[in-house]
Structures are given as C-alpha cells and as structure tokens.
Amino acid sequence: MRKLTNFMKQQSKQFASVVKHPYFGFILFGLILLFTLYLRGMGLVTISIINAIVMTMIYSIIALGFSLLLGYGGLASLGTAGFVGLGSFIMGYFSGVLDYPLIYTLGISFVAAIVVGLVVGFISLRIEGMYLAIITLGLGEILRAFFISYDKFTGGYSGRQFRDFTLFGNAVSTEAVYIIITVLFVLAMIATLNIIKSPTGRALLAMKNSDSAAQSMGISLLKYRLLAFVISTVFAILAGMLYIMYIKFSYAPDWNLSFSLNILAAVIVGGAQSIAGIILGVFTIFGLNLAVLNYIPFFQNNSALMVIFNGVLIIVVVMFYPGGLIRLLQTLKYKIIFAFRKLKMKWKVYKYGKDD
Amino acid sequence: MAKMIDRLVLKYRILRIEKLQAKQEFLGNYRDIQVSRQNNKLLLANSRIEEAHQEKLRDFALRAGIMTKYIEQEINTLILKAETKYYWKKRALNQIMIRKAKTNKLDESQLEIIRNKKQIFLDDMLALQKQKITASFKEKAKDPEQPVALYENNSLLLDTFYEKKTQLVKDKYATKISKIETTKNHQLERIAKNIKTHKDLIAKLTKDMPKSDNGLPEDVILRLDKLTMRFGGLVAVDNLTFDVKKGEIFGLIGPNGAGKTTVFNCITKFYNPPSGCMYFRKNPVEVILLNEYPVHTIVKQGIVRTFQNVELIWELSVMDNLLVAAHSLFQTGFFGQLIHSRKLRQEEAVLRTKATGILAMLGLLPYQFGIPFGLPYGILKKIELARTLMVNPKMIILDEPAAGLNESETVELAKIIRKIRKEYNTTIFLVEHDMGLVMDVCDTICAISFGKQIAIGSPKEIQNNKIVRDAYLGEE
C-alpha cells in the first residue's frame with residue numbers, strides 16, 4: 001500500500017509538471033477546437049458555430065500581434081485593417097490568379113510585412129501616442145484606397161474571389177483549412193508567449209514604462225519599435241492569408257477603420273496583456289453574435305439589437321473593468337474562493353464552537 | 001589604406017575578445033549552476049535511499065516484534081491523530097448540547113445525563129482505538145521464533161546494502177559532475193587560448209600604432225575636458241574639466257540648478273554636448289571617446305546610471321526588473337527567443353542566480369517575486385542600485401541616491417555604497433544634496449555653480465573653502 005501511494009505521488013508529480021508546462025493550455029485548447037470539427041462531422045455542431053470559431057481564431061492572430069504593440073510596446077496603431085487586407089490580396093492574387101507555389105506567396109507576404117512594418121516603425125520613432133494612431137490610421141486608409149483603385153490586384157469593387165486552396169497540387173478541403181488555421185493559431189499563441197517571456201518582451205515593457213530607463217539599460221528604441229511593428233504586421237498579414245483561405249472572398253472596402261477599431265476594442269475588452277484575455281475579447285467582439293446571440297429568440301427577432309448589445313458590453317467592460325474581461329474572471333474566481341473559505345469557517349464555528 | 005585596414009582588424013579583434021569574455025563568464029557561471037543542480041539531485045537521491053532503508057528496517061523490526069524508535073514514533077503519531085479526533089468530537093458534542101439546551105428546553109439534569117452518556121462513549125472509543133493501534137503493530141510480528149537474531153542478521157545485510165547503494169549513487173553523480181567540469185573546462189581553456197591569441201595579435205598591431213589613450217594617466221577612469229552644454233541661450237555646463245580616478249567615490253555637489261544632472265546626462269549621452277570631450281577608460285589598454293557612442297551602447301562600455309526619480313518598470317516583478325537591466329548580457333538572437341531555445345534558458349538561469357545573489361546582498365530577497373509598485377521609497381532606490389550591479393559596471397553613476405530617504409536609510413546607503421565599491425571593484429560617481437552623506441562617503445568632491453567648477457578636492461578642503469560656502473549660502 002505504501003509503495004502504491006509513493007508511486008502515485010511520483011506519477012502525480014510528473015503529471016503536474018506536464019500540466020503546468022506553459023504550452024499545455026494552448027495545445028489542449030487547440031485539441032478541443034479540433035474536436036469541435038469532429039463534432040461538426042457528426043452533425044452535433046452547427047456551421048455558424050464553426051464559422052464563429054474560425055473567425056475568432058483568425059482575428060485572435062491579428063489581436064495577438066496587436067497586443068504586442070499596444071499592451072507591451074505602448075504603441076497605438078490603427079492601420080491593422082490595411083495590413084490584413086494586404087495579406088488577403090497577396091494570397092488571392094499570387095496564389096489564386098497567378099498560381100504561384102505556396103512558398104513564393106509566403107516569401108512575398110513576409111517581404112511585404114517586413115517592408116510595411118519597417119515603414120510604420122520608422123514613423124513611430126518620431127511620433128507617439130495619439131498622433132501615432134492618427135498617422136497609422138492614415139496609412140491604413142491609403143492602403144484601402146489603393147486596394148479599391150488598383151483592381152487588377154484586388155478586384156476593386158467586385159472583390160477578389162479565391163478558388164480552393166491548393167497544397168502541392170491538391171485542392172484542400174474546408175476541413176483541412178480549419179485544421180491548418182487551428183495549428184497556426186496555437187503556434188501564434190506559443191510564439192507570443194515566448195516573446196513576452198523573453199528579453200524582447202521585457203524590453204518592450206521597459207520601453208513602454210520609461211524611455212530613458214530603457215535606453216540607459218542598453219535597449220535600443222529604434223530596434224525594438226521596428227521589431228514590434230514588424231511582428232504585428234507579420235501576424236496581421238498571416239491572418240489575412242488565412243482569412244481568404246477560409247472565406248474564399250476578400251472585398252477591398254471591408255478593410256476600413258471600423259475593422260481596426262474592432263480589433264483595438266477586442267484587445268482592450270479582453271485585457272491587453274493576457275493571451276487568454278485577448279482570445280476572450282476577440283470572441284466577444286466577433287464571435288458572440290454568430291455563436292451565441294443567434295440562438296436567443298429575442299435577438300433573432302430584433303437583429304439590430306445584437307450590435308447594440310456588443311456596444312453596451314464594450315462600454316460596461318471599459319468603464320468598470322479597465323483590466324479587461326480576463327481581470328473580471330480573475331476577480332470572480334478569487335471572490336468564489338473567498339466565499340467558500342468563509343462558508344467553511346462559518347460551518348466550523350457552528351459545529352465546533354469558537355476557538356478559546 | 002593599410003592603416004585603415006589595421007584599425008578595422010583591431011576593432012574586429014577587440015569585439016571578438018569582448019564576445020569571448022562574455023562567453024567565458026557565461027560558461028563558468030553555468031558550470032557552477034549545473035554542478036549545484038547535480039549536487040541537489042544527489043542529496044535528493046540520498047534522502048530517498050535513506051527513506052527506503054528505514055522502511056525496510058521497520059518492516060523487519062515489526063516482523064521480529066522489536067519496538068525500535070522508528071516504530072514507537074509511528075505509534076505515537078497514530079495515537080496523536082486519534083486524540084485530536086477525540087478533541088474535535090468533544091467540542092462538537094459541547095456545541096450539540098448547547099443547541100439542544102436552546103431548542104428543546106430540557107432540564108439541566110437531563111442534559112447532564114445525555115452528555116455523560118456520550119462522553120463515556122467517546123472515552124471508550126479512544127481507549128479502544130489506542131489499544132487497537134498498539135495491538136495491530138504487535139500482530140504483524142509473524143516470525144516469533146528467533147526473532148531477534150533474524151532481525152540483527154537482516155539489519156546487518158540491509159546496512160551493507162544501504163552503504164553500497166549510497167556509494168553507487170555518489171559515484172554516479174561524481175562521474176556526472178566530473179564530466180560536466182571536464183567538458184566545460186575544456187571549452188573554457190579553448191576560449192582562454194583564443195583570447196590570448198587575439199590579445200597577442202592586438203599587441204602586434206598596436207606596436208607600431210601611436211598609443212590611443214588620449215594622454216589619460218593610468219589611474220584616471222573618466223576625464224571631462226572643457227565640456228560645454230547649452231540649451232538655447234542658457235549655458236548649463238560651462239567649460240567643465242575634471243578627472244575621476246579609478247576606484248574612488250567621486251561626489252559632484254552644487255546648489256540647485258548648477259547643472260549637475262546635466263553633466264550626468266552628457267556622460268550617459270542623453271544629451272549630445274556641442275563641445276568638449278569625455279574620455280573613458282574602458283579597460284587598462286583602451287580609452288574611448290564617449291562623444292562617439294549613442295545612448296544605448298553606453299552600458300556596454302561599462303557605465304550605468306540611476307535616476308533622480310526612480311524609473312523602474314512597474315509592470316514587471318523585481319526579479320524581471322533586474323533581468324531587464326541585464327538586457328545587454330543576453331546573446332540569444334530573436335529566433336532563439338521565439339522558440340525559447342536551450343541557450344536562452346541557460347542564460348536566464350545564469351542571470352537569475354546572479355540577480356538572487358545581488359538581491360541577497362542588498363536584503364531585497366523578500367520582494368523578488370512581487371511587482372515594485374507600492375513598495376517604500378528606500379526599497380525602490382535599493383532596487384535601482386541592484387539594477388546597476390547586474391552588468392558588472394566599471395563606473396556607477398548615482399543621481400541623488402539619498403533623495404527622499406530618512407536618516408537611518410541614508411546611513412545604510414553609505415554603508416551599501418562602500419560595500420559595492422569594495423566588492424564589485426568599481427568607481428562610483430554621485431550627485432547629492434545630502435552634505436552629510438557626501439562628506440562621509442566621498443574621496444574627492446567637485447563643487448560646481450552655474451555650470452562652472454568652483455572647487456575640487458578632499459571633503460575637508462571643500463568644507464573649508466570660502467567660495468563653496470558663498471555659493472551655497474550666498475555672499476555676505
């Protein structure tokens with residue numbers, strides 16, 4: 001018996017070390033998402049829930065990159081929509097129209113991401129805060145105008161249709177695209193976590209808190225601002241490519257300011273510094289009406305109220321929980337734990353009487 | 001042309017030496033960490049073996065019907081458990097009686113009867129349990145014939161087995177440690193050899209070149225030469241010239257607005273002085289002109305500073321703050337960080353142990369995992385000091401270290417400054433308003449007023465200087 005308990009202890013230690021590994025939660029989450037696809041195959045989950053999950057995943061990738069900028073670097077950017085659109089059109093044109101192999105398209109998109117990121121990064125060296133947001137907003141609008149007018153590349157007002165995504169000459173089914181998106185989503189979360197926990201993440205936070213302290217400790221503002229913008233642009237362009245792979249259509253006027261603002265709202269509503277919070281925020285902004293509100297009869301009858309509900313939610317969260325939804329959940333958790341403890345104490349006093 | 005190439009080669013070799021030295025330090029520290037890890041593992045394994053040994057001994061003793069100390073202890077703990085249970089039951093009984101008295105309104109005599117009944121029942125239970133516990137240990141003795149001889153025989157066998165096993169584990173870890181040490185020492189030797197060859201080549205190259213120490217004497221670490229800084233029409237620093245000697249504590253004093261902090265900002269390149277030179281002795285052979293370096297590379301030359309109003313990173317823990325300070329020591333590239341490569345983890349382990357050492361020295365260990373937000377001002381100042389120590393500085397610049405501290409904290413600060421000078425072998429250059437601290441701690445003091453130097457000398461000379469008094473107190 002003793003031996004058995006010892007053995008159990010050791011096993012539980014090993015199990016705990018696996019569970020406590022920082023990647024475990026992400027991989028488990030990815031597996032759950034893949035399992036929902038399996039459920040869809042069995043007919044237990046409707047297509048709108050799958051769509052909501054995919055949208056949440058794609059927009060989460062954008063928001064993860066954006067949180068590195070806003071939550072860690074303290075740099076506000078409103079050009080996100082332009083970058084996502086650029087990614088979708090690069091994929092749609094080079095892979096869809098010109099039939100380039102995937103490697104070439106990836107190479108082109110990465111070069112584009114780095115170039116755009118560097119441009120915005122250089123701008124950000126001179127300007128900060130609100131003015132940076134305005135400048136990046138202008139950049140995003142320029143990109144949108146470019147998409148609309150340069151219709152050979154984007155399809156202009158008729159939009160860019162995308163045929164089935166091909167990998168090594170074979171057309172890939174929607175289910176496979178779902179799997180690809182899930183894998184990339186998990187990888188993006190892991191990469192973000194690694195960046196946050198590495199010297200780069202700490203340098204970004206140092207920059208946000210105090211420029212002069214960061215410089216005196218050997219952190220080059222130029223290098224890390226550029227790096228933050230390049231990472232966020234790479235994430236955005238990657239998400240754009242995934243978007244056109246799944247939706248199979250990209251419409252130039254869609255990539256406007258309201259999309260950028262939605263991403264900003266998602267990051268702030270969820271909690272700008274927590275990965276789980278960001279995903280939660282993206283789900284509340286983009287996935288909630290697809291996955292939840294569609295099934296509530298009240299909202300089915302008055303579909304305009306869905307948008308209002310979202311807006312009210314944003315206002316309430318920003319007003320009362322500046323740390324985001326994730327902070328709300330955390331406080332709720334602690335409150336429940338405290339309530340349990342109090343209940344336990346009360347029961348103890350009832351049963352055994354007060355301590356002498 | 002040839003000279004140009006020679007210079008470039010020289011620069012490359014110096015850079016190479018710096019990298020190799022950093023690697024040397026890292027490898028040495030990491031070797032120590034690995035050895036300590038193995039030692040910890042050895043201790044753990046030993047304790048496990050010991051436990052198993054005691055367990056087996058206990059089993060044999062039980063079978064032989066002998067009460068060893070170990071078994072007695074076990075019985076005692078079990079009895080204690082039963083007694084605590086009894087205690088709680090008694091308390092619960094009391095409560096039940098109180099409640100019954102309230103609700104049923106029974107007589108006291110009736111209550112007493114019920115209470116006595118239950119009390120007796122509980123007492124009986126306890127006695128029974130105690131009996132059971134002792135009996136169960138005796139029952140387990142299965143071999144009543146020749147029990148003692150058997151036990152002795154077995155325990156002897158077990159002892160030899162135990163010794164053998166401990167020896168085996170010891171040998172195993174000793175070989176592991178020696179393996180680590182040999183490989184790491186081999187690498188260190190190779191690096192040392194490399195450094196030596198580079199140094200020889202540098203010596204060869206610099207033989208024909210003119211000496212590049214800009215006329216700086218051997219014992220001077222920093223020289224300001226006619227430093228001037230202007231903001232528009234205002235001349236904040238005016239033709240300031242002085243030397244800071246190696247290993248001394250140098251104080252810069254002056255009334256408010258004299259330009260002390262501006263001098264610091266010039267040295268650390270937050271401002272670019274329009275004229276004047278600043279020479280810094282980076283190592284015994286090399287003297288650099290600080291004017292040529294941008295802000296974020298100053299820390300790599302060996303100069304770190306603190307700030308007048310504490311500038312910590314409030315969203316990171318104290319430990320992470322120190323790791324940010326060691327930013328220039330990380331050598332892993334971005335892609336290594338993206339996948340959290342092994343090298344990054346090793347580097348982080350090395351720097352974390354270093355940071356714990358520094359925190360322990362300054363008495364900050366209790367705060368290491370919390371964020372600095374809300375800590376007392378004296379502690380924050382100490383954290384800033386700890387931050388400067390992370391990068392093995394050659395010169396520490398302290399901007400008003402005693403501002404906002406009370407008297408006892410200031411006295412402690414003086415002690416810490418001396419300790420740092422002694423243990424880290426650095427030069428300390430400070431600006432301070434607290435005359436007590438300055439006079440107590442400094443070896444040399446320079447007094448400035450309106451950007452101009454008015455006096456320089458030992459604390460006593462400055463105290464007796466009439467011009468300094470006039471500058472502070474106003475002319476009579």
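Residues numbered from 1 in each chain as written. Chains lettered and ligands numbered in written order. Predicted model: local features only at pLDDT ≥ 70, side-chain atom pairs only at ≥ 80, totals over all residues.

Draft legend 1. Looking closely at the overall build of chain A. Looking only at helices and strands, chain A features 16 helices and four strands. A burial count over chain A gives 42% of its 356 residues as buried. A fraction of 76% describes how many contacts in chain A between residues 6 or more apart in sequence connect residues 24 or more apart. (Helix = DSSP H or I, 4+ residues; strand = E, 2+ residues; numbered from the N terminus. Buried ≥ 20, exposed ≤ 12 C-beta atoms within 10 Å, placed from the backbone. Contact = placed C-beta atoms within 7 Å.)

Draft legend 2. Main features of the overall build of chain B. Counting its regular elements, chain B contains 14 helices and ten strands. In terms of overall size, chain B is more extended than a compact globule, its C-alpha atoms giving a radius of gyration of 36 Å where 476 residues would be expected to give roughly 23 Å. Dimensions of chain B, computed from C-alpha atoms along their principal axes, come out at roughly 100 × 65 × 45 Å. Split into buried and exposed, the 476 residues of chain B put 25% on the buried side. In chain B, of all internal contacts separated by at least 6 residues, the share reaching a separation of at least 24 is 72%. (Rg over C-alpha atoms; globule rule 2.2 N^0.38 Å.)

Draft legend 3. Seen up close, the sheet that holds strand β9 (residues 444-449) of chain B. Residue and element names in this part refer to chain B. Strands sit in the order β6-β7-β8-β3-β9-β10 across an open sheet of six strands; the sheet is mixed. The sheet is open, and its two edges are formed by β6 (303-305) and β10 (452-457), each paired on a single side. Strand-to-strand, the axes of this sheet are offset by a mean angle of 20°, without reference to chain direction. Against the sheet, helix α5 (residues 260-267) contacts β3 (249-253), β6, β7 (395-399), β8 (427-431) and β9, and its axis sits at roughly 145° relative to β7. Strands in contact with helix α14 (residues 466-473) are β9 and β10; relative to β10, the strand with the most contacts, it is inclined by about 130°. (Pairing = 2+ DSSP bridges. Axes fitted to C-alpha atoms, helices over the stretch in contact; angles between N-to-C directions.)

Draft legend 4. Spotlight on the domain arrangement of chain B. Partitioning chain B into domains gives domain 1 (2-51 + 159-208), domain 2 (66-140) and domain 3 (220-473). Once you take the C-alpha centre of each, domain 2 of chain B and domain 3 of chain B turn out to be 68 Å apart. (Domains from an automatic or database assignment.)

Draft legend 5. Spotlight on unusual backbone geometry. Residues and elements named next belong to chain B. Phi is positive for His340, which is not a glycine, with a value near 50°. With respect to the element layout, His340 can be found in the loop between α8 (334-338) and α9 (342-362). Not every positive phi belongs to a glycine, and Phe450 is a case in point at roughly 50°. Among the structural elements, Phe450 can be located in the loop between β9 and β10.

Draft legend 6. Inspection of the sheet that holds strand β5 (residues 286-289) of chain B at higher detail. All names here are of chain B. Judged by pairing direction, the sheet is antiparallel, and its four strands sit side by side in the order β2-β1-β4-β5 without closing on themselves. A single partner strand is all that each edge strand has here, and the edge strands are β2 (234-245) and β5. Adjacent strand axes in the sheet meet at a mean angle of 20° when their direction is disregarded. Looking at chain direction, strand β1 (residues 220-231) and β2 are connected through eight bridges and run antiparallel. In the strand pairing of β2, Leu222 is matched with Val244.

Draft legend 7. Geometry of the confidence of the model for chain B. Per-residue pLDDT for chain B averages 87, and the proportion of residues at 70 or more is 96%. On the interface metric, ipTM, the complex scores 0.85, and its pTM is 0.86. (pLDDT = per-residue confidence, 0-100.)

Draft legend 8. Structural detail: the interface of chain B and chain A. Contacts between the two partners involve 32 residues from chain B and, on the opposite side, 23 residues from chain A. Elements with a contribution of two residues or more to the side of chain B that touches chain A: α2 (69-103), α6 (298-301), β6, α7 (318-325) and α8 of chain B. No other element matches the five residues that α2 of chain B contributes to the side of chain B that touches chain A. When the residues that make up the side of chain B that touches chain A are grouped by side-chain class, the tally is 18 nonpolar, eight polar and six charged. (Nonpolar A, V, L, I, M, F, W, Y, C, P; charged D, E, K, R; others polar.)

Draft legend 9. Up close: helix α13 (residues 275-291) of chain A. Residue and element names in this part refer to chain A. With 17 residues, α13 ought to run about 24 Å at 1.5 Å a step, yet its terminal C-alpha atoms sit only 21 Å apart, falling short of that. Considering bend angle alone, the principal kink of α13 is centred on Ile285 and spans about 50°. In terms of burial, α13 is a largely internal element, 14 of the 17 residues being buried. (Expected span 1.5 Å × (residues − 1). Bend = angle between axes of the 7 residues up to and from the residue.)

Draft legend 10. Representation of the pairing of β5 of chain B. Residue and element names in this part refer to chain B. Examined bridge by bridge, strand β4 (residues 275-283) and β5 share four bridges and lie antiparallel to one another. Each bridged residue has a counterpart across the sheet, and for Tyr279 the counterpart in β5 is Leu289. Connecting β4 to the next strand, β5, in antiparallel fashion are two residues.

Draft legend 11. Examining the pairing of β1 of chain B more closely. All names here are of chain B. Between the end of β1 and the start of β2, which pair antiparallel, lie two residues, with Gly232 showing a positive phi angle near 65°. As judged from the five bridges shared by β1 and β4, these two strands associate in the antiparallel manner. Residue pairing for β4: Thr228 is matched across the bridge by Ser275.

Draft legend 12. Broad picture of the packing of helix α4 (residues 80-97) of chain A against helix α6 (residues 129-149) of chain A. All names here are of chain A. At a minimum axis separation of 8 Å, α4 and α6 run at an interaxial angle of 35°. Between α4, through Ala81, Gly82, Gly85, Leu86 and Phe89, and α6, the contact on the second element is made entirely by Leu139, Gly140, Leu143, Arg144 and Phe147. Its residues assigned to classes, the contact of α4 with α6 shows six nonpolar, three polar and one charged.

Draft legend 13. Structural detail: helix α3 (residues 108-139) of chain B. Between its first and last C-alpha, α3 of chain B extends 46 Å over 32 residues, near the 46 Å set by a 1.5 Å rise per residue. Of all 32 residues in α3 of chain B, zero are buried; the element is thus mostly exposed.

Draft legend 14. Summary view of the packing of helix α3 (residues 47-72) of chain A against helix α8 (residues 174-196) of chain A. Residues and elements named next belong to chain A. For the pair α3 and α8, interaxial distance at closest approach is 9 Å and the crossing angle is 15°. Of the possible angle classes, the one that applies to α3 and α8 is roughly parallel. As for the relative orientation of α3 and α8, their crossing is left-handed in sense. The segment α3 lies against α8, with Val54, Met57, Ile58, Ser60, Ile61, Leu64, Leu68 and Tyr72 engaging Tyr178, Ile181, Thr182, Phe185, Ala188, Met189, Thr192, Ile195 and Ile196. When the residues that make up the contact of α3 with α8 are grouped by side-chain class, the tally is 14 nonpolar, three polar and no charged. (Parallel < 35°, antiparallel > 145°, perpendicular 65-115°, else oblique. Left-handed = near helix turned anticlockwise from the far one by under 90°.)

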